Amino acid sequence: MTYKYFGAPDGATAARVPISMRPEELGGDELGNGMFTKVKPETMAAMVLTGIQGIPLAKVPPLELVVLHPDYAVVKLPSNVVEPLRKAGEEELGAAAFIWSTVPDRRGPRDAFVIYRMLHEWQDFAQRCYETGHQMYCLVWP
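Now for a quick tour of the structure.

Conventions we followed
Residues numbered from 1 in each chain as written. Predicted model: local features only at pLDDT ≥ 70, side-chain atom pairs only at ≥ 80, totals over all residues. Heavy atoms only, no water. Core = buried A, V, L, I, M, F, W, Y, C linked by side-chain atoms within 4.5 Å. Buried < 20%, exposed > 50% of the residue type's maximum accessible area, 1.4 Å probe, protein only. Pairing = 2+ DSSP bridges. Helix = DSSP H or I, 4+ residues; strand = E, 2+ residues; numbered from the N terminus. Phe/Tyr/Trp six-rings, centres within 6.5 Å; stacked < 30°, edge-to-face > 60°. Lys NZ or Arg CZ within 6 Å of the ring centre and 35° of its normal.

### Notes on the nonpolar core
Within the largest apolar cluster, 33 residues are counted, with the highest numbers of intra-cluster contacts made by Tyr-5, Leu-85, Leu-119, Trp-122 and Met-136. Membership of the second largest hydrophobic core comes to ten residues, among which are Phe-6, Ala-14, Val-17 and Tyr-72.

Right under this line is the structure:
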C-alpha cells in the first residue's frame, strides 16, 4: 500500500485530491509533488508523539478522517503531530528514530538511520506546509 502525504489549505480542498490515478500520476501542488511512502499515517503520528513528545503509545489519538470512500481515504494529521515534528531538533529526531528502531520487527541501527532520514523528510515537508499556510494530509488507497 502506498500513502501520499500532501498539503492543502483546508479539509474541503484535501477532499478533492484526485483519487483515480496511480501515485506516480498524481499531480503536484504548491508544495511540489508531496511525499510518497509506505509508512502509514498512524505510524507516522505515533513515531512523532511517542518518540518526540514522550506520549505513551496507548494515548496516541486517532487521526481525523476527512473522506472515506470505498476506493480511498483522506486523513488529516493534527497539529499536535505536525508542530512537534516541525520544531524538533536533531537530538529529538535521533531519539525518536532510535526508539522506533527498537520495535521488535525492526533491524536495529540500520533501521534507526532510515527512520532518522525519513523523519527529516517529513520535517522538511511539514515546514513547507507551514510556510504556505497548509495543513498536512494523507491520501490512502490500495
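### Observations regarding the pairing of strand E3 (residues 64-69)
Pairing geometry for E3 and strand E4 (residues 72-76), over five bridges, is antiparallel. Within E4, the position partnered with Leu-68 by the bridge is Ala-73. Taking the residues that link successive antiparallel strands as the turn, the E3-E4 hairpin has two residues.

### Details of the packing of aromatic side chains
Centre distance and the angle of the planes are the two values used to describe a pair of aromatic rings. Taken as a whole, this structure holds two aromatic pairs when the rule is applied. For the ring pair Tyr-5 and Trp-122, a centre distance of 5.8 Å and an interplane angle of 65° mean the geometry is edge-to-face. Taken together, the residues span a long stretch of sequence, with Tyr-5 in strand E1 (residues 2-8) and Trp-122 in helix H5 (residues 109-132) at a distance of 117 residues. Their ring planes at 25° and their centres at 5.8 Å tell us that Phe-6 and Tyr-137 sit as a pair that is stacked. Pair noted here: Phe-6 is in strand E1 and Tyr-137 is in strand E5 (residues 135-141), with a separation of 131 residues, a long-range link. Side by side, Phe-6 and Tyr-137 carry an identical accessibility label, which is buried. Directly above the aromatic system of Tyr-130 lies the positively charged group of Arg-86, at a separation of 3.5 Å from the ring centroid.

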